[in-house]
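# Fold and contact review
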Amino acid sequence: MKTVFQSPVEPGFVQYPYAFYDTARTYGDLVYWDDYKKVTAVSHRAVQALLKDRRFGREVPAEMQRPGPAHLLPWLKIEAHSLLEAEPPRHTRLRALVMRAFTSRAIAALEPSVHELSHALIDRFPDTPFDLLDAFCTRVPVITICRLLGVPEEMSPDLLRWSHAMVAMYQASRTHKTEDAAAKAAEDFTAFLSEYIEKRRTDPRDDLITRLIAAEEDGEKLSRDELVATCILLLNAGHEATVHSLGNGVKTLLKLGIAPCAQTTDGLVEEILRYDPPLHMFTRYAYEEVDAFGHSFKRGDEVALLLGAANRDPAVWSEPNRFDSTRPIVTNTSFGGGLHFCVGAPLARLEMRIALVALFARCPNLRLTAEPEYSNTYHFHGLTRLMVQT
Ligand code: HEM
C-alpha cells in the first residue's frame, strides 16, 4: 500500500483538498495516510463497501475502551450515549426511536415551515454587503431543527455556540483549549437540556422531545443520559453540515453563474452534495480479521473513509471535477452509508431545495463581494464567511 503525506491544516489543502484526493486515488482503493497514521479508503467502491461492512463499526472495541482524561468527561459522557457512536443492539434501539420523527411524511410536512422561514430571512437582508452564512445558511437549519425537536428558537445562539465548541473536537486543528471549550459546552448544553426536559415533562406537545421524553418514562427504551445525548446529537448534526452544504453550494452556483429554478433543483442539490460536501472523513474500527482491497485488517484497526474523495471518483462520475447539475443522479457518499446512514438526509435535502429556490428567486442579482475561503477545520469543509450583495 502506498504511503501518502499531506498535512490536513496546510492552507492549499484546506482550500482545495480534491487535488490530494485525486493523486491518492491513482495509488489504489486504499492508501496509508501518514499524517493520520491510518489506512484510508479513497475510491468510491472502497468507501461504500467499508461503510456497509458489518465487520466494521464506530463503537470502540471493548478491550480498547479507556476512561479518557478527566478534563474531557462531560464531552465524553455525551459521546458514550450517542447513537452515532453506538453499534447494535444499542444503535438499533436508539435509531428506531429517532426514526419515528424522520419518516418521509413527517419531513414533507415541514415544507411550509422551511418555505416561510427562508422568505422571512430573505426579507431581512440588508442592501449593503453581508455574510450569507450568518444571515441565511446557518439560520434555516438551526431554526428548523429547533422547531422539529421542540426547543425554543431563541436558544439558537446558545445552541450554535455549544455545537461549534463540541464538534471542534473532530477537527485536525484540535488543541487543549479546544478540549476545555468542548467540555464546558457539553456541561452547559446538558444543564440546559436537563432543566428543559423537566419543564416539558408536564407540557406535552406534537414534537420530538415529547416523544423522546415518553420513551424515557417508559423505562426500558431510553435512559436519561441517552435522552440528553440524543437531543444534543440531533441539535448539532441538524445544522452543522447543512449550513456548509448550503454555503458551499451557493458559492459554487455564484462562481459558475447558475441560478436554480424549482424544476431543476433535485439534480442540483445532489450535485452540490457530491461536488463539495461539508464532511470529508469518518472512521471505523475493524471488529474481526478482514481482508479487503488487498489489505489485512486486524481487530481494533482503524480505517479512515474519505467521503469527499469517493464523490470525485472517475470510475463513477465522468469528469468528476466538473460541476454538472444535469448529470444522472448516482447516490453519492456525502450522507455516508450502511447502519449509520444520515438520519437527517431527507430533511437536509428538503431544506437545501427550498432555501436555494427561495434565495435565487428573490435575489436574482445575488453576487459575491469577497473571495470566499474555507476554514481550517478539516475534516469539516465549509466557508469562514460568504460575503454577498443582493
Ligand atoms: C447536508 C447535510 C448533512 C450531511 C452532509 C450529513 C452527513 C452525515 C453523515 C456522513 C453521517 C454518517 C457518519 C458515519 O457514517 O460515520 C451522518 C449521520 C447522522 N446525521 Fe447527518 N448529515 C446532514 C444533515 C443532518 C441533519 C439535518 C440531521 C438531523 C436532523 C442529521 C442527523 C444525523 C444523525 C442523527 C446521524 C447519526 C446516524 C446513526 O449513527 O445512525 N444529519 N450524517
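This is a predicted model, so every value here is computed, not measured. (Residues numbered from 1 in each chain as written. Predicted model: local features only at pLDDT ≥ 70, side-chain atom pairs only at ≥ 80, totals over all residues. Heavy atoms only, no water.)

Before going further, it helps to spend a moment on the site of the ligand. Taken together, 29 residues surround the ligand, and among them Arg-58, Arg-95, Arg-284, His-340 and Cys-342 come closest. Between the ligand and Arg-58, the relevant distance is 2.6 Å, taken from an oxygen atom to a side-chain nitrogen or oxygen of the residue. Arg-284 places a polar side-chain atom, nitrogen or oxygen, 2.6 Å from an oxygen atom of the ligand. Every element with two or more residues in the shell around the ligand is listed here: α5 (90-99), α13 (224-256), β6 (281-286) and α16 (345-362). Per element, the largest residue contribution to the shell around the ligand is six residues, and it comes from α13. (Near = heavy atom within 4 Å. Polar contact = N/O pair within 3.5 Å; in protein donor to acceptor, adjacent residues only side chain to side chain. Helix = DSSP H or I, 4+ residues; strand = E, 2+ residues; numbered from the N terminus.)

Tallied over the full model, the rule gives two cavities of 30 Å³ or more. Approximately 80 Å³ is the volume attributed to the largest cavity. Lining the largest cavity are Gly-267, Glu-270, Glu-271, Arg-274, Trp-317, Asp-324, Ser-325, Arg-327, Pro-328, Ile-329, Val-330 and Asn-332. Across the lining of the largest cavity, the residue classes tally to four nonpolar, three polar and five charged. Considering only enclosed or pocket space, the second largest cavity measures out at about 40 Å³ in volume. In terms of lining, the second largest cavity is formed by Pro-8, Phe-13, Val-14, Tyr-374, Ser-375, Thr-377, Tyr-378, Phe-380 and His-381. Among the residues forming the lining of the second largest cavity, the class breakdown is six nonpolar, three polar and no charged. (1 Å grid on protein atoms, 1.4 Å probe; cavity = no way out; pocket = protein on both sides within 12 Å on 5 of 7 lines; lining within 4 Å. Points joined across faces, edges and corners; volume = space filled by probe spheres on them. Nonpolar A, V, L, I, M, F, W, Y, C, P; charged D, E, K, R; others polar.)

Another point: the environment of Ser-223. Mapped onto the elements of the fold, Ser-223 is located in the loop between α12 (208-217) and α13. On a C-alpha basis, the gap between Ser-223 and His-81 in space is 9.1 Å, while along the polypeptide they are 142 residues apart.

Moving on, we come to the coordination of the iron atom of the ligand. Only one protein atom coordinates the iron atom of the ligand: Cys-342 (SG), located 2.3 Å from the metal. In this structure, Cys-342 sits in the loop between α15 (307-310) and α16. (Donors = N, O, S within 2.8 Å, 3.2 Å for Na, K, Ca; no water.)

Taken as a whole, the second largest pocket holds about 370 Å³ of empty space. His-164, Glu-240, His-244, Ser-375 and Leu-383 are, among the 20 residues lining the second largest pocket, the residues nearest its centre. Within the residue set of the lining of the second largest pocket, elements represented by two or more residues are α8 (132-137), α10 (156-167) and α13. The element contributing the most residues to the lining of the second largest pocket is α13, with four residues. A breakdown of the residues in the lining of the second largest pocket according to their chemical character gives seven nonpolar, 10 polar and three charged.

Within the secondary structure, Val-269 sits in helix α14 (residues 265-275). Measuring from C-alpha to C-alpha, the distance between Val-269 and Glu-351 comes to 10.0 Å, with 82 residues separating the pair along the chain. Those residues in contact with Val-269 that sit more than four places away from it in its chain are Arg-349, Met-352, Arg-353 and Leu-356. (Contact = heavy atoms within 4.5 Å.)

A word on the sheet that holds strand β10 (residues 367-368). Pairing is antiparallel in the open sheet, where three strands are placed in the order β5-β11-β10. Both edges of this open sheet fall to β5 (130-131) and β10, since each of them pairs with a single strand only. (Pairing = 2+ DSSP bridges.)

Let us look at the packing of aromatic side chains. Per the stated rule, a full pass over the model turns up 19 aromatic pairs. Each ring, one from Phe-13 and one from Trp-33, has its centre 6.1 Å from the other, and the planes form 70°; the classification is edge-to-face. You can see Phe-13 sitting in helix α1 (residues 11-15) and its partner Trp-33 sitting in strand β2 (residues 30-33), a full 20 residues away along the chain. Of the residues examined, Trp-33 reaches a relative accessible area of 0% and is grouped as buried. (Phe/Tyr/Trp six-rings, centres within 6.5 Å; stacked < 30°, edge-to-face > 60°. Buried < 20%, exposed > 50% of the residue type's maximum accessible area, 1.4 Å probe, protein only.)

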